[in-house]
Each structure stands twice: as C-alpha cells, then as structure tokens.
Amino acid sequence: VDVRAELESAANVLSLDGDFTIEKMSFANAFGTLVEDLKITGSQKSKFYLDAGKFEFTEAEATAGLLPLSLSGYMDSLYTERFFFDLKIASPESDLKAVLSLISEKMTKDIASAKTSGKFKFDMAILGTMTETEIPGFTMNFDLSDGKVQYPDLPKPITGIDLHGKLTEATFDLKSFRAALGSNKIDGALSVEDFERKKINLRLFTALNLGELTK
C-alpha cells in the first residue's frame with residue numbers, strides 16, 4: 001500500500017490518496033477453490049471521518065487478474081464491535097478472457113492456450129454488519145453474452161455461450177445458460193438454495209449429433 005494522507009482539521013476528516021496491491025487472494029466454498037493466488041492492483045481516493053469512525057470511497061478503481069473493477073460506498077461504525085458495510089463493486093463490459101483470469105487454474109484447465117471472446121459485465125453489493133461471528137451479506141449479478149472458446153485440441157469452438165444469473169452468500173441462481181459445440185446444443189437453468197446441503201434444481205435440454213461427438 002502506498003497512501004498519501006492530508007488532514008482537514010476544520011472538519012476533522014482525513015483525506016487519503018494512493019495505490020494498493022494484493023499479491024495473492026484466494027476464495028473457497030463448498031464447491032472447492034474458486035479463486036487461488038489472484039493478484040489485485042488499484043488506486044483509490046477516500047475520506048476517513050475521524051469523529052464518526054466512517055470510511056468512504058470517493059474514487060476507487062482496480063484490476064483483478066485481467067478484469068477492471070470500480071468500487072464505491074462506505075464502511076461505518078469502525079469504532080464499535082459491529083462494523084457496517086455498504087459497498088458496491090462493478091465491472092464495465094469486458095471479455096470472457098478477463099473473467100476466466102479470476103478463476104483458479106484447476107477449474108479452467110488449459111484455458112491459457114484457448115482463444116476466447118464474449119461480452120461480460122457484473123455488479124456486486126455488499127451490505128450488512130461484520131462482527132466476530134457474522135459477515136455482511138452480498139449479492140452479485142452477472143451476465144455473459146455471445147461467448148466463444150476455441151481450444152487448440154478441438155476442431156470446433158464452443159460458441160453461443162450465454163450465462164445470466166445471481167449469486168448471494170447463501171444461494172446461486174443461474175437463470176439461463178446456453179452453449180453450442182458445432183450442432184450440439186445445451187440450454188438450461190440451475191439454482192442452488194443451500195451451499196452446505198447443496199439443494200439443487202436443474203433444468204437441462206440438449207440436442208446431440210452423435211456423429212460429431214467422436215471428433
């Protein structure tokens with residue numbers, strides 16, 4: 001972290017301006033290690049209200065892997081045992097390669113050698129209190145359209161990849177997903193209501209050309 005600080009004595013507000021780097025960030029849940037050793041770099045401008053114990057971002061941008069991000073919002077009650085978070089994270093329209101750079105290499109085998117395209121965007125809200133026994137809730141909406149992946153070992157690309165869904169701390173709702181490999185098509189939806197018990201509701205439709213599968 002490289003931060004410059006200036007005290008506005010009349011308002012008792014500390015203005016902060018600087019850069020930050022997270023060298024290795026990992027995240028795992030019941031599905032396994034989703035993010036592993038992810039590097040995040042960025043810059044931010046913020047204010048810390050010394051009397052109230054409130055930290056507010058006025059400007060913040062970052063890059064996680066290859067994905068650009070923006071951050072806004074605040075953290076309050078920092079002098080108490082119950083921190084309050086109201087933060088929003090969003091990504092402008094990006095491509096599929098940037099999205100896949102976030103995911104653990106164990107889950108995206110050989111993706112570095114693949115050619116990808118597609119439009120992706122997401123927004124995430126973090127809202128609630130943090131204590132020794134609880135964490136804030138979050139909601140993330142994501143949208144991938146017209147995705148394409150071409151692996152060197154496959155004669156045809158995977159095309160028409162569309163994913164639209166929402167993730168919270170307790171649920172995963174993939175409202176629709178579609179993809180095609182040649183004339184082989186898949187169309188479905190998936191919801192998970194409980195990550196611990198994994199209560200799953202899956203709808204799946206496929207149209208397979210058996211003559212193509214051996215290729």
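Before reading further, recall that the structure is shown in the block above.
Residues numbered from 1 in each chain as written. Predicted model: local features only at pLDDT ≥ 70, side-chain atom pairs only at ≥ 80, totals over all residues. Heavy atoms only, no water.

**Student:** Explain the overall build of the protein to me, please; I cannot follow it from the model alone.
**Tutor:** Scanning the protein from N- to C-terminus turns up two helices and 12 strands. Starting at the N terminus, the α and β elements of the protein follow one another as β-β-β-β-β-β-α-β-β-β-β-β-β-α. Each of the three principal axes of the protein carries a C-alpha extent, and together these read 75 × 35 × 25 Å. Per-residue burial for the protein yields a buried fraction of 31% across its 215 residues. Residue pairs at least 24 apart in sequence account for 41% of intrachain contacts in the protein once pairs closer than 6 positions are excluded. Of the roughly 13500 Å² of accessible surface on the protein, a fraction of 56% belongs to carbon and sulfur atoms. (Helix = DSSP H or I, 4+ residues; strand = E, 2+ residues; numbered from the N terminus. Buried < 20%, exposed > 50% of the residue type's maximum accessible area, 1.4 Å probe, protein only. Contact = heavy atoms within 4.5 Å. Areas by Shrake-Rupley, 256 points an atom, 1.4 Å probe, with all protein chains shown as cover.)

**Student:** Before we go on, may I ask you to explain unusual backbone geometry in this structure?
**Tutor:** Negative phi values dominate among residues other than glycine, just as trans dominates among peptide bonds. Within the chain, asparagine 12 stands out as a residue other than glycine whose phi angle is a positive 55 degrees. Even without a glycine there, the phi angle at serine 77 is positive, about 60 degrees. Considering the arrangement of structural elements, one finds serine 77 in the loop between β5 (67–76) and β6 (83–94).

**Student:** Before we go on, may I ask you to explain the pairing of strand β7 (residues 115–130) in this structure?
**Tutor:** One face of the sheet, then the other: side chains in a regular strand alternate in exactly this way. When β6 meets β7, the two strands line up antiparallel, connected through 10 bridges. Bridge pairing in β7 links leucine 87 to isoleucine 126. Two elements, β7 and strand β8 (residues 137–150), share 12 bridges in a ladder whose sense is antiparallel. Note on β8: the bridge partner recorded for leucine 127 is glycine 137. In sequence, β7 turns back onto β8 through a hairpin of six residues. (Pairing = 2+ DSSP bridges.)

**Student:** Would you mind showing me how to read the packing of aromatic side chains here?
**Tutor:** If you walk through the whole model with that rule in mind, you get five aromatic pairs. When the ring of phenylalanine 120 is compared with that of phenylalanine 122, the centres are 6.0 Å apart and the planes differ by 35 degrees; the resulting orientation is tilted. In terms of burial, phenylalanine 120 and phenylalanine 122 fall into one category: buried. With a centroid separation of 6.2 Å and an interplanar angle of 10 degrees, the aromatic rings of phenylalanine 142 and phenylalanine 172 are classed as stacked. Of this pair, phenylalanine 142 sits in strand β8 while phenylalanine 172 sits in strand β10 (residues 172–181), and the two are 30 residues apart along the sequence. Using a relative accessible area of 14% as the deciding quantity, one classes phenylalanine 142 as buried. In this arrangement the basic side chain of lysine 54 is found over the ring face of tyrosine 74, its NZ or CZ atom lying 4.5 Å from the centre. (Phe/Tyr/Trp six-rings, centres within 6.5 Å; stacked < 30°, edge-to-face > 60°. Lys NZ or Arg CZ within 6 Å of the ring centre and 35° of its normal.)

**Student:** What am I meant to see in the pairing of strand β4 (residues 54–64) here?
**Tutor:** The sheet contact formed by β4 and β5 spans seven bridges and is antiparallel. Looking at β5, one finds that alanine 64 is bridged to leucine 67. Between β4 and β5, which pair antiparallel and follow one another directly, the connecting turn spans two residues, one of which, glycine 65, has a positive phi of 65 degrees.

**Student:** It is not clear to me how the pattern of salt bridges should be interpreted in this structure. Could you clarify?
**Tutor:** Side chains that carry opposite charge are capable of pairing whenever their charged atoms lie near each other. Summed over all chains, the structure comprises seven salt bridges. As a salt-bridge pair, arginine 4 and aspartate 17 come within 3.5 Å of each other at their nearest N and O atoms. Pair noted here: arginine 4 is in strand β1 (residues 2–8) and aspartate 17 is in strand β2 (residues 13–29), with a separation of 13 residues, a long-range link. Across the pair lysine 88 and aspartate 86 runs a salt bridge, and its minimum N-O distance is 3.6 Å. A cluster of three or more residues bridged by salt bridges with shared partners is formed by Arg178, Asp187 and Arg203. (Salt bridge = Lys/Arg side-chain N within 4 Å of Asp/Glu carboxyl O.)

**Student:** Would you take a moment to explain the nonpolar core for this structure?
**Tutor:** When a protein is soluble and globular, its nonpolar side chains tend to lie buried together. The biggest cluster of nonpolar side chains holds 35 residues, and the ones touching the most others in it are Phe120, Phe122 and Phe142. When residues of this core are traced back to their parent elements, those giving at least two are β3 (32–49), β4, β5, β6, α1 (96–100), β7, β8 and β10. Discounting chain neighbours no more than four positions away, the residues touching phenylalanine 122 are Leu67, Leu69, Ile89, Ala90, Ser91, Met140, Asn141 and Phe142. (Core = buried A, V, L, I, M, F, W, Y, C linked by side-chain atoms within 4.5 Å.)

Interpretation note: all reported values are geometric properties and have no functional meaning in isolation.
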